[in-house]
Amino acid sequence: MIFLLTWIPFVAAFLILLTPSEKKSALPIIAKTACLLTFLLTIGFLWRFRPDQPGYQFLIRIEWFPAFGIAYQAGLDGINMTLCLLHALVSLAGVFTAAREKKRLKEYLFFYLILVGAIYGVFTCLDLFFLYLFYETTLIPLYPMIGIWGSKNKEYGAMQLTLFITAGAALALFGILLLYQKTGFGTFDLIRITEHLKNAPFAAHDQNFLAALILIGFGVIASLWPLHSWSPIGYAAAPTSVSMLHAGVLKKMGPYLILRIALACLPAGMAHWSTLLAVLSGIGILYAGYAAISQKDLKFMVGFSSVSHMGYVLLGIAAMTVTSVSGAVLLMFSHGVMAAAMFAVIGFIYEQTHARGVFDFGGLGKKAPFISMSFIMASLASLGLPGFSNFVAELLIFIGSWEKSPVLVGLAVLGVLITAIYLLRAVQHVCYGEFNPKWNQLKDAVTWQEKFPFVLLLGALLLFGFWPQGLLRLIQPAVGAMLP
Amino acid sequence: MNFSLLLPEWIALGTLLILIFREILNGPKSRNSSGIAILLTGTALLLLSLFFLRNSPGSAFGGTFVLDSFAVFFKIFFSLAAFVVLVSSRFFFRPLGGEKTAEFFLILWCALLGMLFLVSANDFLILFIALEIMTLSFYILTAYQKGNLASIEAGVKYLILGSLASAFIIYGIGLLYVVAGSTHFDSIQAAFAAQPGHKLLLLSALLILSGLCFKVAAVPFQLWAPDVYEGAPVPVVAFLSVGSKAAGFALLIRLIFTVFTPFDHERKILFPVLAAMTIIYGNLGAVVQKNIKRLLGFSSIAHTGYLLIGLAAARDSGLAALLYYLLTYALANLAIFFVLSLTANELKSDQIDAFRGLAERSPFLAASLFIALLSLAGVPPLAGFVGKFLILSAAIRDHLMWLALIGILAIPISLYYYLGVIRSMYLEEPVHTASITVPGSAKLILGLLITGILLAGFFQSPVFRIVENALQHF
Amino acid sequence: MITLSWAILWTPFLTAVFIFFFLLSRPRAAGRLATCGMLAAFLCALALLWDYLSLKEARPVLESSILWIPFAPSPVEFGVLIDGLTILMLLIVTGIGSLIFLYSMSYMERDESCGRYFACLSLFAFSMLGIVLSNNFIQTFIFWELVGLSSYLLIGFWFEKREAATAGKKAFLTTRVGDVGMMIGILSLFGYLASRGIGTFNFLLIEERLQTISIPSPLLYAVCLGLFLGIAGKSAQAPLHVWLPDAMEGPTPVSALIHAATMVAAGVFLLARLFFLFAQSPAALLVIAWTGGITAVLAGTVAVVQNDIKKILAYSTLSQLGYMVLALGLGNPYAGMFHLTTHAFFKALLFLSAGSLIHALHTQNIWNMRTQKGLLRSMPITSVTFFIGTLALMGIPPTSGYFSKESILAAASHGSPVLFILALANVFFTSFYMGRLCTLVFFQKSHSARQNHLHTARESGWKMTIPLIILAGFSIGGGFLPLHPFLGARGHSEPHSNTLALISIALAGLGFLFAFLRYQKKSHEHETLDSWMTPRFILEKKYFFDDVYDAFIHFVQENIARVSDLFERRVVVEGGMNGSARLTRRLSRLVRTLQTGVVQFYALFFAAGVTVIIYVLILSGKS
């Protein structure tokens, strides 16, 4: 049943390819039904998910390439259940924005659905080969989507993004192959590898080397500090729904894979690098925060802010305690939803005004109350205001990683203040103040189709802000089982 | 000496003779379509015969001609490649009109004949003769477009360097004959066994191997490739990059793992270095290329490097990975050159900028070029990725970590120049917006190639089984 | 009892959500709903008081909580803690809250986005009650930030005005600076307790544990300072007080409720609630006392030169808060809380009457508030209530202000002499600036033509005057309220010393008289009247706090941001990404030099390759 999650978008994508070009109106309908179906399916899985049952649920396994021990094996535990939910939310919200694209809609929706299906693949697969296969498949649609439908210097952004992530992925492939080689019994089955390594771990130096490879490889997409510079450029160049999907979900694949491969299989290696990782993420938080303050373009600002937030996630993972890693997973979820909402707002305004400078607007509060209210709520969630799940996640990360690195947590708390500075400045210049007459033809989000993405995303943030136990009861046992 | 073993060769020779007679009878005004029909039936018969012979190994002519599953695999490989190249050359030459295409098909068929013999040769003489038939026909093919100066220049270059390589090979064979007293593989093996440390044997082996490395364009011997790929007509480049390279590797495998087995230690030293240097040279060379054929020349050198990793690694995993990689490389290259032959006359130039806006002019061609290029780049879920995956895991299993790392680091660089072509196709606006019509039969074959890439990428185990039983009793 | 407290907490929240979803476009209905909600909360508070008093044991403490995040080592709960202190604060918040809700129904009548106003006000009430009822650190921190949010929304209510938006942002960010300190304080306390095996955030549990184990003094000092930073942020103490005067951009009822009576008092309440922790670190208490004293005098002096009626009241709030913090710093939470209660009444009264004056005269500047026939006749209730408020503020005997200020002065007399002198000096300053305010506004008749439209000032409607009268009643009678059952557990009231009372009354009277004489003259130019004060420039510049902070933001933060952006653009992007691209390009050009196109070179390269291979494998004896 679980493979449907991956295959519905792929089938829909080919359906879109086959629809003749004169039936243009059918395209958005197919795309939206596909995303809605996967969303309902994920909710179904969430409903039937029993958190107290250890191990993976809804497990299926199809022998695929026996000579190398490769099998299409998919299953859900607390962590990837949360991330599937995140992806379901963001892709559903994103498809509404994607459907409004004017230029070459057919190809755009085709690439969009391939991207959605590949991400589901990454989050459900439990076989190293397929995990890597889907991870790299997301690159195919990204390049043309950013390259063709992007905005300012889109070729540069598309090339940087694709090359950087491929370089990282290549390093990670080297790590995976070494891992496959070192385990000795020739299988890519993640479950068996993890169990085997739990009771017969590698030698220390092997673990360190492998963990380093995985960390750098997947650190690129997780925008670990020195490797982060592709993400603001990529997001600023990407069209709205791509930056929603990329900042919202693709960026979370990095830490997820680090958790799944490095933390679960190479605990000693991770422990070895944890201080360095913590320091790098600390620098990342402050560095990206300050860089965001000096940005004049909204998308660049949100790009840097998501780099800074990923710093919190990596800080949580570096501390390797149950509380901090659960906080990291919850922050992955909440930051994903928040970033998607933020980009949706900026995209909505950009579609009508083709301007996205922080100081270009003014007084949108009067002209477009719904949009400015969602923009304010998204920024409040981003700066960690209680009532949104971001606060709970950051709180858990702080509590969890306090005794490991109090100084860094202190810096991270300072980072929260810096986030408040640039976000409130943006809110003030965009929503408050006198109305800039240049944009008086700007229309607010009126139809339910335009309002639905924001209600969906911000509603999810509020729901899990008031009731974090809804997600934590899934995440915590899974993290507990994973950590030594 | 049973004739049935040589059935495919007889069929090939038969079609050749019919072609020649048709040529003599009709003279210059012979219509192309009949030539094509003969060739297509010839290939069909050839494939049928190979299909029957696939599990009845045996040897003929006193053991100098052997037909094992390895040979059958490559013969099918060559005939399929030849079939695709024939069809693409038909589309390539039709708008030109001026050139006489009949001779082109004839010489191409000779090359195929040479390849068929080459793979079943179990004696150095047979090997050399078949090799020469193939390379000589390629000399003519590269210089086929008499009007085009570049084609002639490429032909001359390939002729001079090719003959130099053949000289090295024949010199090596001569030395072997001096030591072993016979050119038959088995007796040479006996000679190796008799005096294992004999310096002369190693020298002759190296000479022969270097000649063959020229064929596959490995590093010290690869300088010819970009110039010849740029000058020669598109179908010839296709056959050169797929057929001739595969033949070279078939010979390398057969010689290294049957005749030159005692030199395993030297192999472990030589081939990893060669592989690494070839990968680096091929990828770096391609980064600044502006001409698509030159770029594909460098990229084919890079892929030779990856194939050489297969040779450098241990026998069981390395060879299977090599053959799988060769399959995926062939599929992608044939698809690319097929598209190039279709668009060559429309775009009039080989510069990458000429492909600007191809996505709008003909979405089908652009999409197939997109998939084929990404498969070459090794991006999953396409076939290229599985090939690279198997090759790299073979290298790692044989503890050649540094070689695997070089292969890994070359992936993003290769993606850069492949994306360069995709960028001009998809991201830039076309210069003149006339849409390119693609004939039905071309769409069919191109579709087959693309589905081949997708299938080999996703359903790996059936394809791997084909490769494995090719190496069964080898 | 427990369900009552849950009801009190959630009623304003439900009204806020209901208004947000349904009544945004119907302001009148929203106003009525919000006020009824607040009144209901007030009645529940009274019922709670009744049940609480009927309990038999001396000072009962009830607590109930639900597990919000049940993590093994550190369960985070969401609960309610009821004791004397909580009930007192509940009464203040809901009581004054409902009065102000009633008042703002007519004050904000003409404003069309009044629905949003009442939604934010109810949200504020919810968060304030959350702080008051909370039984653990995390819940306090959560509602601490929600209060910050509602004050941000309410200060920036008229967001078209650029100053209001900037003031809102300034308030939020300054309190956020405090919250950073508070979070670090909470984390270090929790970190230490967890390392000793008792990872909990619950106040009562921590209080119990502190009897058994002792926290090392430097850590305790850091924790207390961290927490005090958070309190200083919220209660606008010395370093972080800059936001309160700017917060006057918001509507006046907001200033009354949030920036006078309740929100700013939250810090003092938290000090009282956590007094068991602070008491263990005398060094921290000293710092707190000194901050309180300095803030009091600093605000008192600056208030003297202000010309906007709301700014004067804002600075007077700052100085009264300084008094409360001083009392708590000197180890006497009873005096602090007593003054907090009375201050809530008369400061709310002052703000509301000022509001009705502004409502009628449409100006906030005290110099042109003078009307033709004087305000005493045209707005009798407002003026009389304003007077009562002033008397209470100055601490004249019958009013409640006198008793509470008296207890603080008594507590200060035991403390260090300098602090005592500062406290007394502030009594003089308070009475002086209030005297200056009253003489200018009430006792001077303006006879110049340009204020002619002011002569039409009429008394405000019943919805505004009734709260004034009630508050005036409390301002007078507040001193006699029996606070022992509420604050008994937290220290005792000082013995009443006559000499001290005489000194403070004398100082207050002197200050008022001096201001009255000075500003009684009829001359118009206010520079001449204010010219006698020599150090005017320093006071007007508000001791340069704002300039220092702006300079800090401009030079330090902007530059760091610019440096990091430059670093990003130059080093990481140029050097890193493009650099690696250039490197590969340069290497590939190197490789291209081999492709000379000359056949002879290729042949030479071919032969050289073979010789190298042969040499390496054969001649160097490798085989």
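Residues numbered from 1 in each chain as written. Chains lettered and ligands numbered in written order. Predicted model: local features only at pLDDT ≥ 70, side-chain atom pairs only at ≥ 80, totals over all residues. Heavy atoms only, no water.

Participant: In this structure, what is going on with the overall build of chain B? I would like to understand it.
Facilitator: Scanning chain B from terminus to terminus reveals 19 helices and two strands. Projected onto its principal axes, the C-alpha coordinates of chain B cover approximately 70 × 60 × 40 Å. Here chain B holds 474 residues, and 67% of them are scored as buried. For chain B, the proportion of contacts with a sequence separation of at least 24, taken over those separated by at least 6, is 80%. Carbon and sulfur atoms make up 71% of the accessible area of chain B, which amounts to about 15,000 Å² in all. With 28 positive and 22 negative side-chain charges, chain B shows a separation of 4 Å between the mean positions of the two kinds. (Helix = DSSP H or I, 4+ residues; strand = E, 2+ residues; numbered from the N terminus. Buried < 20%, exposed > 50% of the residue type's maximum accessible area, 1.4 Å probe, protein only. Contact = heavy atoms within 4.5 Å. Areas by Shrake-Rupley, 256 points an atom, 1.4 Å probe, with all protein chains shown as cover. Lys, Arg positive; Asp, Glu negative; His and termini not counted. Charge placed at Lys NZ, Arg CZ, Asp CG, Glu CD.)

Participant: Sorry, what's going on with the pairing of strand β2 (residues 70-76) of chain A here?
Facilitator: Here is the key point about a regular strand: its side chains alternate between the two faces of the sheet. All names here are of chain A. Taken across its seven residues, β2 has seven buried, putting it largely inside the fold. Where burial is concerned, the two faces of β2 agree: the one with I70, Y72, A74 and L76 and the one with A71, Q73 and G75 are both buried. Here six bridges tie strand β1 (residues 57-65) to β2, and the two strands are oriented antiparallel to one another. Looking at the pairing, F65 lines up with I70 of β2. A loop of four residues connects β1 with β2, the two strands running antiparallel in sequence, and G69 in this loop sits at a positive phi of about 65 degrees. (Pairing = 2+ DSSP bridges.)

Participant: Is there a simple way to think about the environment of H87(A) in this case?
Facilitator: All names here are of chain A. Take H87: it is sitting in helix α3 (residues 78-98). Taking relative accessible area as the criterion, H87 reaches 0% and is therefore assigned buried. With 214 residues separating them in the primary sequence, H87 and M301 have C-alpha atoms 23 Å apart. If sequence neighbours within four positions are ignored, H87 has contacts with V116, I119, Y120, F123, L245 and V249.

Participant: I would appreciate a short explanation of the packing of helix α10 (residues 252-261) of chain C against helix α15 (residues 333-361) of chain C in the present structure.
Facilitator: Each pair of packed helices gets described by two things: the angle between the helix axes and the distance between those axes. All names here are of chain C. Running from N to C, α10 and α15 cross one another at 160 degrees; their axes reach a closest spacing of 9 Å. Classed by the angle they form, the pair α10 and α15 counts as roughly antiparallel. Of the two elements, α10 crosses α15, and the hand of that crossing is right-handed. Across the interface between the two elements, T252, P253, S255, A256, A260 and A261 from α10 touch H343, A344, K347, A348, F351, L352, G355 and I358 from α15. In terms of residue class, the contact of α10 with α15 is built from nine nonpolar, four polar and one charged. (Axes fitted to C-alpha atoms, helices over the stretch in contact; angles between N-to-C directions. Parallel < 35°, antiparallel > 145°, perpendicular 65-115°, else oblique. Left-handed = near helix turned anticlockwise from the far one by under 90°. Nonpolar A, V, L, I, M, F, W, Y, C, P; charged D, E, K, R; others polar.)

Participant: Would you take a moment to explain helix α25 (residues 545-594) of chain C for this structure?
Facilitator: One full turn of an α-helix is made of 3.6 residues, so residues set three or four places apart face in the same direction. Across its 50 residues, α25(C) extends 69 Å between first and last C-alpha, which sits within 8% of the 74 Å expected from 1.5 Å per residue. A bend of about 40 degrees at G579(C) is the largest found in α25(C). (Expected span 1.5 Å × (residues − 1). Bend = angle between axes of the 7 residues up to and from the residue.)

Participant: Explanation requested: the packing of aromatic side chains in the structure shown.
Facilitator: Geometry of an aromatic ring pair is reported as the spacing of the ring centres plus the angle between the planes. Within the structure shown, the criterion is met by 103 aromatic pairs over all chains. Note on F129(A) and F389(B): the rings are 4.7 Å apart at their centroids and 70 degrees apart in plane angle, and the pair reads as edge-to-face. Of the two residues, F129(A) sits in helix α5 (residues 128-137) while F389(B) sits in helix α16 (residues 383-397), which places them in two different chains. Here F129(A) and F389(B) have matching classes, each one buried. (Phe/Tyr/Trp six-rings, centres within 6.5 Å; stacked < 30°, edge-to-face > 60°.)

Participant: Help me understand the layout of surface pockets in this model?
Facilitator: Vacant regions in the atomic arrangement are exposed by a probe of water-molecule size rolled over the atoms. Empty space within the second largest pocket amounts to approximately 1,300 Å³. What lines the second largest pocket is a set of 40 residues, among which F14(A), L17(A), F110(A), I371(B) and L454(B) lie closest to the centre. When residues of the lining of the second largest pocket are traced back to their parent elements, those giving at least two are α1 (3-18), α4 (105-124), α5 and α6 (139-149) of chain A together with α15 (363-377) and α18 (440-458) of chain B. Taken together, the residues of the lining of the second largest pocket break down into 29 nonpolar, six polar and five charged. (1 Å grid on protein atoms, 1.4 Å probe; cavity = no way out; pocket = protein on both sides within 12 Å on 5 of 7 lines; lining within 4 Å. Points joined across faces, edges and corners; volume = space filled by probe spheres on them.)

Participant: It is not clear to me how the interface of chain C and chain B should be interpreted in this structure. Could you clarify?
Facilitator: Interfaces are often described in size by the accessible area the parts lose on coming together. The partner chain B presents 35 residues to the 23 residues of chain C that form the contact. Buried area between chain C and chain B, both sides added, is near 2,700 Å², and the carbon and sulfur share of it is 80%. Broken down residue by residue, the surface that chain C buries against chain B is led by Q595(C), F606(C) and L617(C), which jointly contribute 25%. The interface formed by chain C and chain B includes zero salt bridges. On the surface where chain C and chain B come into contact, there are six residue pairs in polar contact (both at pLDDT 80 or more). The set of elements that each furnish at least two residues to the side of chain C that touches chain B consists of α25 and α26 (599-619) of chain C. Across the side of chain C that touches chain B, the residue classes break down as 14 nonpolar, six polar and three charged. (Buried area = accessible area lost by both parts, 1.4 Å probe. Salt bridge = Lys/Arg side-chain N within 4 Å of Asp/Glu carboxyl O. Polar contact = N/O pair within 3.5 Å; in protein donor to acceptor, adjacent residues only side chain to side chain.)

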